[in-house]
Amino acid sequence: MNIPKFPDDFYSFYDGVDISNEEINEWIQRCISDLETYGGNCFSISSGNTTVTVHKFYYDDYSDDYYYDIRVSKGYYRADACE
C-alpha cells in the first residue's frame, strides 16, 4: 500500500471558502439525523475549508446505548492511500 507522507502528499483545504459556524451546526444536525434515519456508524459533510464527521459508537457489544463522536476541522489536510 502506498501510504502518503505528511505534508508532501496531502492537499490543504486551509485557503478554501470559510464555512460559517451556523452552517457547521446545521451540518452536525444533518449528520446525526442521517445516522438516525439511514443507520450506519459514520457520516460526514465537507466543503470549502471545513469538514464535519460524526461517528456513532456503542458502549459495548451487548447494549443499545450509544454516543456520537463529533469532529469539526477547519483548514484540514487530506490524502488518499491506495495500492
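What counts, and where the lines are drawn
For every chain, the first residue of its written sequence is number 1, and the numbers climb from 1 along that sequence. Given that this is a predicted model, residues contribute local features only at a pLDDT of at least 70 and side-chain atom pairs are listed and counted only at 80 or more, while totals for whole chains, interfaces and linings are drawn from all residues. Just so you know, side-chain values use all the structure's heavy atoms and leave hydrogens and water out. When DSSP finds two or more bridges between a pair of strands, those strands are recorded as paired. The secondary structure listing takes helices from DSSP runs of H or I that are at least 4 residues long and strands from runs of E that are at least 2 residues long, numbered from the N terminus. Axis definition: a line fitted to C-alpha atoms, limited for helices to the stretch in contact. Angles are taken between N-to-C directions and run from 0 to 180 degrees. Per-residue confidence from the prediction method is given by pLDDT, with values spanning 0 to 100.

## Points about the sheet that holds strand 2 (residues 42-47)
- Reading across from one edge, 2-3-4 is the order of the 3 strands in this open sheet, with antiparallel pairing throughout. Sheet topology places strand 2 and strand 4 (66-74) at the edges, where each strand pairs with a single neighbour. Between one strand axis and the next, the sheet turns through 10 degrees on average, direction left out of account.
- One ladder, built from 9 bridges, connects strand 3 (residues 50-58) with strand 4; its direction is antiparallel. Paired with Thr-50 across the bridge in strand 4 is Lys-74.

## Examining the confidence of the model for the protein chain
- Mean pLDDT for the protein chain: 95, with 100% of residues reaching 70 or above.
- In the model of the protein chain, strand 5 (residues 77-78) stands out as the element of lowest mean pLDDT, 94, in contrast to helix 1 (residues 21-38), which has the highest, 98.

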